[in-house]
Amino acid sequence: LWDLHGAIVLIVSHSGGTFSPLAVSNLLQSFTKQIFVVTSEWDTQIGKQLRHLDAGFCRSRVFSTEIGMHPAEPCSISVAATHQLLTQIFEHVAATLTSEGSLRRASGSVVGLGDLAELEKCNQMNIEALEEIVGTDRNGVAISAAETEAELRKKGALWAQHVLESPRAWILCALYILGTVISQSPPVTSVVKRLSLDEKHSFVIYVALLFDALIYLFLPQICILWIRLVQRRALLHRMAGRTVVIGDCPWVAQCTEAFLSKVMACSYSIASLTVFSGNPADHLVHRMTHRVVRGTLLACGRPDGRLAALTTAESAVCLSVNQASSIQSLGATCESLTIGHNPYKLPLTAHAVFLKGARPDYLCERLLSTTCPQQMENKECDLEAPPMSPARSNIPTPSSKARSSASLLGEFSNLLADANDGEGGEELEDRLVFDMIRRLVHSEKMEQQKDEEEQKLRRFLNDIEKDENGEIGFEAFEAGFKLLGKTFDSADLRSIFNEFDWDGSGKLDPLECKMILGMEMGDLYRIAQRSGSHKAPCRLHSVEASQESFFGEALLKTAPTGVRPVKLMEMQNLSMQLYESRIASLQRAVA
């Protein structure tokens, strides 16, 4: 059972007056006074409730998106503003937890200052990306050269034609019936009479009337086919009400479904459509693919698979889209559209819109595009200059060639495999032939290294200086650590020492020292970078944006000799996931 006494509660309500959030606010006040609300403005019903609570804990309990009341606003600007405000709240809370080792350990936080700096940089540059998507700058001035906005509107206009073909066909049918009935001139019968064919053969008039009857019977289908021919759209789509299926991460899919269904709730029945949503990385295939028919409209958002932490997610999405798009009838299938940052169009999709985004490259992107991987391992390859610098032509820059998520996944897997093997460049046949031998040799080497490490640890723990309680201070820890040949500067060692000094006594017992010294260099460096040796003040603007030319530049410069760049790439997984959940997903939702 949950214990809600003293819990920190954050209620999210755009209007601040919806029944359920208001009731929750009332009920929880008997358990905790630490209640906050995210709403559209300061003066709302929930805000009034919370302002009557004891002000000793916090003067203000209302986070406002500052967009004001929108009574009929169907989940668009309100959702984007709320998502952005939650991102800023997350940054502030994470920075506060990261600044204190005790808070970080109590909360289990694994977010580092570097992760927050990269997130803040993406957050600031996100405005530029959103301007390109909506076609308007931050001052409300239209952008004439917004290619992404033009492409999105073009695809939207095409899908609008699918929905509007029914009322247009109805209008054409009405005009045809009115014209032919009032004039008493069905077209086939009129032609027969004009050519006097009925005078020669009496049965001809009945054949003509039969054809006119068939035209009246199938007139809606004929009009729809004629409209599709004129507009050059797919002819074999079903001639019935359209269904739109939206696939993306849960918050994007559900909010977009709510937006579209609310907008179309105001339409006439003849121009209505059905809207569904699902997560293509989870349940979209099981819930929706058996419903795919000719002309189903499927719109899916794709994570940026160019980032190592998101490649498998994009692969899952692409697999779902391909499976839905491969279900055919009469040679036709659903009309699928993908929206994402990876500029690769799936072969089975009808449309793709690529968002330009606005962020520096991550280290994994530079590792894939580098032309000197062996020098990279020895840190001889220059990755530090801006990618477009003409004066330094040996700088690896992101490849302009679009690659599928499956290709990217293979590239990243090869990078990790080569880093783990300590060698690369063999042909595939050589790898297959010598794979078993390599495993045996590798396991023997690992056992030998393990024994050597154990001996070093025993000597370290026996020779290191201890106090009367058998505990080890930082000076003795630093001296012994360097004797083992592990190269860390004093600030990083202090961060690692403080991370394991759980009671804050400034001492470590031998068991804690053994735990530290038994860890790999990459894991130790990750702890040092996550912890940091300085404390960030608890203010929102204390989260400073990264100034690196590419994310991971500082890691590459300061990493100890034994830490490979591929291991540094893995250290950025959390930062990439934060970019996807807080920045890239918002761009797809707006698109």
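Conventions adopted
- Residues numbered from 1 in each chain as written.
- Predicted model: local features only at pLDDT ≥ 70, side-chain atom pairs only at ≥ 80, totals over all residues.
- Heavy atoms only, no water.
- Pairing = 2+ DSSP bridges.
- Helix = DSSP H or I, 4+ residues; strand = E, 2+ residues; numbered from the N terminus.
- Axes fitted to C-alpha atoms, helices over the stretch in contact; angles between N-to-C directions.
- Contact = heavy atoms within 4.5 Å.
- Buried < 20%, exposed > 50% of the residue type's maximum accessible area, 1.4 Å probe, protein only.
- Polar contact = N/O pair within 3.5 Å; in protein donor to acceptor, adjacent residues only side chain to side chain.
- Parallel < 35°, antiparallel > 145°, perpendicular 65-115°, else oblique.
- Left-handed = near helix turned anticlockwise from the far one by under 90°.

Section: the sheet that holds strand E8 (residues 351-354)
Judged by pairing direction, the sheet is parallel, and its five strands sit side by side in the order E5-E4-E6-E7-E8 without closing on themselves. The sheet is open, and its two edges are formed by strand E5 (273-278) and E8, each paired on a single side. Strand-to-strand, the axes of this sheet are offset by a mean angle of 15°, without reference to chain direction. As paired elements, strand E4 (residues 242-247) and E5 share six bridges and run parallel to each other. Bridge pairing in E5 places Val 245 opposite Phe 276. Relative to E5, helix H11 (residues 250-264) is tilted by about 170°, and along the sheet it contacts E4 and E5. Packed on one face of the sheet, helix H13 (residues 311-325) meets strand E6 (297-302) and strand E7 (335-340) and runs near 165° to E6.

Observations regarding the environment of Arg 228
You can see Arg 228 is positioned in helix H10 (residues 219-231). For Arg 228, a relative accessible area of 0% puts it in the buried group. In sequence terms Arg 228 and Glu 165 are 63 residues apart; their C-alpha atoms lie 8.2 Å from each other. In this structure Arg 228 touches Glu 165, Arg 233, Ala 234, Leu 235, Leu 236, His 237, Arg 238, Met 239 and Arg 242, once residues within four positions along its chain are discounted. Separated by 2.8 Å, the side chains of Arg 228 and Glu 165 make a polar contact.

Quick word on the side chain of Thr 148
Examined against the element boundaries, Thr 148 turns out to sit in helix H6 (residues 147-182). By relative accessible area, Thr 148 is classed as buried at 3%. Setting aside residues up to four positions removed in sequence, Thr 148 forms contacts with Glu 132, Ile 133, Phe 354, Leu 355 and Lys 356.

Structural notes on the packing of helix H3 (residues 77-99) against helix H5 (residues 113-134)
Orientation of H3 relative to H5, taken along the N-to-C sense of each, is 160°, at an axis distance of 10 Å. Classified by the angle between their axes, H3 and H5 sit roughly antiparallel to one another. Judged by the sense of rotation from one axis to the other, the crossing of H3 with H5 is left-handed. Only Leu 113, Leu 116, Leu 119, Glu 120, Asn 123 and Asn 126 of H5 make contact with H3, whose side of the interface consists of Gln 84, Thr 87, Gln 88, Phe 90, Glu 91, Ala 94, Ala 95 and Thr 98.

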